[in-house]
Number of protein chains: 2
Amino acid sequence: VKLAVLGSGSWGTALAVHFGRCGFEVLQWCREPEVVESVETGRENVAFLPGVKYPDSVRATLSVKEAVEGSELVFSVVPTQFTRAFWKEHAEFLKGKLLICASKGIEIGSLKTLSQVYSEVFGDADSYFVLSGPTFAKEVAVSLPAAAVLAGKEGKVEDLGRLLNSPVFRLYSSSDVKGVELGGALKNVVAIAAGISDGMGLGYNARAALITRGLSENKRLGKALGAKEETFFGLSGLGDLVLTCTGELSRNRQFGLALGKGEKPHKGRSVVEGVYTLKAVHELSKRLGVEMPISEAVYSVIYEGKSPKDALRELTSRPVKGELE
Amino acid sequence: VKLAVLGSGSWGTALAVHFGRCGFEVLQWCREPEVVESVETGRENVAFLPGVKYPDSVRATLSVKEAVEGSELVFSVVPTQFTRAFWKEHAEFLKGKLLICASKGIEIGSLKTLSQVYSEVFGDADSYFVLSGPTFAKEVAVSLPAAAVLAGKEGKVEDLGRLLNSPVFRLYSSSDVKGVELGGALKNVVAIAAGISDGMGLGYNARAALITRGLSENKRLGKALGAKEETFFGLSGLGDLVLTCTGELSRNRQFGLALGKGEKPHKGRSVVEGVYTLKAVHELSKRLGVEMPISEAVYSVIYEGKSPKDALRELTSRPVKGELE
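Residues numbered from 1 in each chain as written. Chains lettered and ligands numbered in written order. Predicted model: local features only at pLDDT ≥ 70, side-chain atom pairs only at ≥ 80, totals over all residues. Heavy atoms only, no water.

**Quick look at the overall build of chain A**
Step number 1: What chain A contains, in helices and strands, is 15 helices and eight strands.
Step number 2: Here chain A has a C-alpha radius of gyration of 20 Å; the compact-globule value for 325 residues is 20 Å, and the two agree.
Step number 3: Taken over the C-alpha atoms alone, chain A extends approximately 60 × 40 × 35 Å along its principal axes.
Step number 4: When each of the 325 residues of chain A is scored for burial, the buried share is 62%.
Step number 5: Within chain A, contacts between residues separated by at least 24 positions form 68% of all contacts whose residues are at least 6 apart in sequence.
Step number 6: Looking at chain A as shown, the accessible area adds up to about 12300 Å², and 53% of this sits on carbon and sulfur atoms.
Step number 7: Side-chain charges of chain A comprise 40 positive and 38 negative groups, with the mean position of each set lying 4 Å from the other. (Helix = DSSP H or I, 4+ residues; strand = E, 2+ residues; numbered from the N terminus. Rg over C-alpha atoms; globule rule 2.2 N^0.38 Å. Buried < 20%, exposed > 50% of the residue type's maximum accessible area, 1.4 Å probe, protein only. Contact = heavy atoms within 4.5 Å. Areas by Shrake-Rupley, 256 points an atom, 1.4 Å probe, with all protein chains shown as cover. Lys, Arg positive; Asp, Glu negative; His and termini not counted. Charge placed at Lys NZ, Arg CZ, Asp CG, Glu CD.)

**Observations regarding the sheet that holds strand 3 (residues 58-61) of chain A**
Whether parallel or antiparallel, the strands of a sheet pair through hydrogen bonds between backbone atoms.
Residues and elements named next belong to chain A.
Step number 1: Strand order in the open sheet formed by eight strands is 3-2-1-4-5-6-7-8, with mixed pairing between adjacent strands. Of all the strands in the sheet, just strand 3 and strand 8 (169-174) have a single pairing partner and so form its edges. The mean inter-strand angle of the sheet, taken between neighbouring strand axes irrespective of direction, is 25 degrees.
Step number 2: With respect to the sheet, helix 11 (residues 235-246) is in contact with strand 6 (128-132), strand 7 (146-151) and strand 8, its orientation differing from that of strand 7 by roughly 145 degrees. (Pairing = 2+ DSSP bridges. Axes fitted to C-alpha atoms, helices over the stretch in contact; angles between N-to-C directions.)

**A closer look at the interface of chain A and chain B**
Step number 1: If you look at the interface, chain A gives 54 residues, while chain B gives 54 residues.
Step number 2: Both faces combined, the contact of chain A with chain B buries some 4400 Å², and carbon together with sulfur accounts for 63% of it.
Step number 3: Among the residues of chain A in contact with chain B, A:Asn205, A:Val320 and A:Glu323 are the three that bury the most area, contributing 17% of the side total.
Step number 4: At the boundary of chain A with chain B, the tally comes to 19 residue pairs in polar contact (both at pLDDT 80 or more).
Step number 5: Where the side of chain A that touches chain B is concerned, the elements lending two or more residues are helix 7 (137-141), strand 7, strand 8, helix 10 (203-224), helix 11 and helix 15 (308-317) of chain A.
Step number 6: Of the residues forming the side of chain A that touches chain B, the biggest block, eleven residues, is contributed by helix 10 of chain A.
Step number 7: In terms of residue class, the side of chain A that touches chain B is made up of 27 nonpolar, 16 polar and eleven charged. (Buried area = accessible area lost by both parts, 1.4 Å probe. Polar contact = N/O pair within 3.5 Å; in protein donor to acceptor, adjacent residues only side chain to side chain. Nonpolar A, V, L, I, M, F, W, Y, C, P; charged D, E, K, R; others polar.)

**A word on the relation of the copies chain A and chain B**
Step number 1: Rotating chain A by 180 degrees and moving it 0.0 Å along the rotation axis overlays it on chain B with an RMSD of 0.0 Å. Read as a symmetry element, the transformation amounts to a two-fold axis.
Step number 2: Residue by residue, 100% of the interface of chain A is reproduced at the interface of chain B, so both copies engage with the same surface. (Least-squares fit on C-alpha atoms with pLDDT ≥ 70 in both.)

**Points about the pairing of strand 5 (residues 98-101) of chain A**
Residues and elements named next belong to chain A.
Step number 1: Where strand 4 (residues 73-76) lies against strand 5, four bridges are found, and the strand directions are parallel. Along strand 5, the bridge assignment pairs Val74 with Leu99.
Step number 2: Examined bridge by bridge, strand 5 and strand 6 share three bridges and lie parallel to one another. Bridge pairing links Leu99 to Tyr128 in strand 6.

**Here's the deal with the packing of helix 14 (residues 293-303) of chain B against helix 15 (residues 308-317) of chain B**
All names here are of chain B.
Step number 1: Interhelical geometry of helix 14 versus helix 15 gives an angle of 155 degrees and a closest axis separation of 9 Å. Comparing their axes, helix 15 and helix 14 come out roughly antiparallel. With respect to the hand of their crossing, helix 14 and helix 15 are arranged in right-handed fashion. Across from Pro293, Ile294, Ala297, Ser300 and Val301 in helix 14, the residues of helix 15 making contact are Pro308, Ala311 and Leu315.
Step number 2: Here the residues of the contact of helix 14 with helix 15 sort into seven nonpolar, one polar and no charged. (Parallel < 35°, antiparallel > 145°, perpendicular 65-115°, else oblique. Left-handed = near helix turned anticlockwise from the far one by under 90°.)

**Looking at the pattern of salt bridges**
Step number 1: According to the stated counting rule, one finds 40 salt bridges over all chains in the structure shown.
Step number 2: Note that A:Arg253 is salt-bridged to A:Asp198, the shortest N-O span being 2.7 Å. On the criterion of sequence distance, the pair formed by A:Arg253 in helix 12 (residues 251-260) and A:Asp198 in helix 9 (residues 177-199) is long-range, its members being 55 residues apart.
Step number 3: By relative accessible area, A:Arg253 is classed as buried at 9%.
Step number 4: Salt-bridge contacts for B:Lys321 lead to B:Glu291; the nearest nitrogen and oxygen are separated by 3.7 Å. You can see B:Lys321 sitting in the segment after helix 15 and its partner B:Glu291 sitting in the loop between helix 13 (273-288) and helix 14, a full 30 residues away along the chain.
Step number 5: With a relative accessible area of 27%, B:Lys321 lands in the partly exposed category.
Step number 6: Classification of B:Glu291 by relative accessible area gives partly exposed; the value is 44%.
Step number 7: In this structure, a network of salt bridges that share partners links the residues A:Glu40, A:Arg43, A:Arg59 and A:Glu66. (Salt bridge = Lys/Arg side-chain N within 4 Å of Asp/Glu carboxyl O.)

**Quick word on the packing of aromatic side chains**
Step number 1: Enumeration according to the criterion identifies 23 aromatic pairs over all chains in this entry.
Step number 2: Taken together, the ring pairs in this structure connect A:Trp87, A:Tyr118, A:Phe122 and A:Tyr128 into an aromatic cluster.
Step number 3: Seen from the ring of B:Tyr172, A:Arg213 lies directly overhead, with NZ or CZ sitting 4.1 Å from the centre. (Phe/Tyr/Trp six-rings, centres within 6.5 Å; stacked < 30°, edge-to-face > 60°. Lys NZ or Arg CZ within 6 Å of the ring centre and 35° of its normal.)

**Digging into the environment of A:Thr277**
Residues and elements named next belong to chain A.
Step number 1: Note on placement: Thr277 falls in helix 13 (residues 273-288).
Step number 2: Between the C-alpha atom of Thr277 and that of Leu111, which follows or precedes it by 166 residues, the distance is 8.8 Å.
Step number 3: Residues within four places of Thr277 in sequence aside, it is in contact with Ile106, Ile108, Ala185, Leu186 and Val189.

**What about the state of the cysteines?**
All names here are of chain A.
Step number 1: In total, this model carries zero disulfides over all chains according to the counting rule given.
Step number 2: Counting only cysteine sulfurs, Cys101 is the nearest neighbor of Cys30, a cysteine outside any disulfide, at a range of 17 Å.
Step number 3: We classify Cys30 as buried; its relative accessible area is 0%. (Disulfide = S-S within 2.5 Å.)

**Topic: unusual backbone geometry**
Step number 1: Positive phi outside glycine occurs at B:Leu111, with the angle close to 60 degrees.
Step number 2: If you trace the backbone, B:Leu111 turns up in the loop between strand 5 (98-101) and helix 6 (114-122).

**Points about the side chain of B:Ser8**
All names here are of chain B.
Step number 1: Assignment of secondary structure puts Ser8 in the loop between strand 1 (2-6) and helix 1 (10-21).
Step number 2: Here the side chain of Ser8 touches Glu32 through a polar contact of 3.4 Å, side chain to side chain.
Step number 3: In this view, Ser8 contacts Thr13, Gln28, Trp29, Cys30, Arg31, Glu32, Val35, Asn45 and Phe48; residues no more than four positions away in its chain are not counted.

**Overview of the environment of B:Ser115**
Step number 1: Here B:Ser115 is to be found in helix 6.
Step number 2: The contacts of B:Ser115, once residues within four sequence positions are left out, are B:Tyr128, B:Val177 and B:Glu181.

**Some remarks on the confidence of the model for chain A**
Step number 1: For chain A, the average pLDDT comes to 95, and 99% of its residues sit at 70 or higher.
Step number 2: Prediction confidence for the complex, expressed as pTM and ipTM, is 0.95 and 0.96 respectively. (pLDDT = per-residue confidence, 0-100.)

**Some points on the sheet that holds strand 1 of chain B**
Residues and elements named next belong to chain B.
Step number 1: Ordered in space as 3-2-1-4-5-6-7-8, the eight strands form an open sheet in which the pairing is mixed. Each having just a single partner strand, strand 3 (58-61) and strand 8 (169-174) make up the two edges of the open sheet. For this sheet, the mean angle separating the axes of adjacent strands, direction not counted, is 25 degrees.
Step number 2: Sheet strands touched by helix 8 (residues 157-164): strand 4 (73-76), strand 5, strand 6 (128-132), strand 7 (146-151) and strand 8. Its angle to strand 8, the strand with the most contacts, is close to 180 degrees.

Spelled out as structure tokens, the structure:
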């Protein structure tokens, strides 16, 4: 089976290399000529995933058309905020192909997930799949074991999951596209909260509570948006959240850490994904009437100049209720 | 309001000190005369929680009768495997008192939770409550923020939760006693699995997947035992599991780490709680027909001499299915 991987960042490269090792014929589209050159001559993506050897079954190209037309299956791993424009530009070749989206996040301007964007661009959603879960690219690239979820149309996604599954990268199937997309996007807000807590020196108990209650409010928002609750407790929700809050320092957590230590937001530092997501969460939760106290606390720190201490005081002074309410 | 805390380990001490600071009058029963001495004269439990100053509102006693009879509310923080004998011995004073059990684990011989033990000893369950969640004693003792669940009879537990709640130690209420008890007990098996994985150097992705899929199999067992599924995704389930698998080294995780690095089980090292729980889980899952592949893999390593590598190979070679199946 022939695969196209559209994107040459660390995750696109890890997927290309992994599936190449599994015996697929992979054609990777890279935007930068240097990367194509580096892969074709040095068998390595020096710029974005140095130290990982490409198998012979993976080739790189500068042409989206070439990558897509020769393939039965297309992985889209373009940065989320550029994905709509990219799909539109190449709609001619992409239309009708089975497309697996491996980018995470919400489109900021529209507050839409990428499956919604796909429907708007291609006028149908049956060929759309999403891959998400706790997957550091570096680990997948060197064949350390991982598991993720592949979501898409029931009846089609199971076969695709079995085709792509391997012991070293297990793929569970799901029909809850929306839930799988939201888990990977919303986790970044909780990661900032956990970072703030760690930066304030609040300890492991506080962090574990934030992860648990944060996931529970993400689930409430997800449900209001049409996702299944259970999906949030799977690999794309809980799994990815745990990875982000406790694994190597993610940029979102690092940003939170600095805030917790007293730095002011927006001080020249480049803005992390979670800050955009936070804005989307704030607007969506208001519009849908979903209570999200942790996200609101983070919002008040980042967008309203509240001190982390005051935000914590308000958060912990809320009346308690049933855990499942 | 007067409270008794029965037990003088680190958790009992943290609870006594915390509620003392909240304005309750606390009488702590300690088994060891040295501990009573240390608390009464030095205002510190040097043996089990050194460095934490007792407030004046907490007193220590060697008499269970004195502690219980003078109190409206009793915390039981005796080691799980000794709890039945302890309750039986002091049933005369304990009967009819509101009892909050803060010990975690399953009674090994009977495979029962402590609420079941309570019912057998006292012939009724209405006065039984359980407190559980992600709570390192050391952090609660020094007033770092934490959150936990208090479960008990609906209609009673909400009032008790509000009485004991404070901003620094928030208590959510629940009517799912069994679910709250099981979360704290079953997490230890997953902690061993996560330790083995870390010991083998499998990385963050693998650990996040084990936590997620491990919690999901605990939930299946819990459901078969009459607990609510959602409880496993709350503070006493997910929260405590995340704390144990990623916080300071718990003894269960440490034990797993050693196994993952090639040490043989039972080599003189004192046995951790999770090893007992594992046996209970193995028997219960068989009896109830619940598939628990991760627990079974850990069981085969500890009780059947399988190498972690072989166990991993079998675990990752299982056919994949829907994530929510």
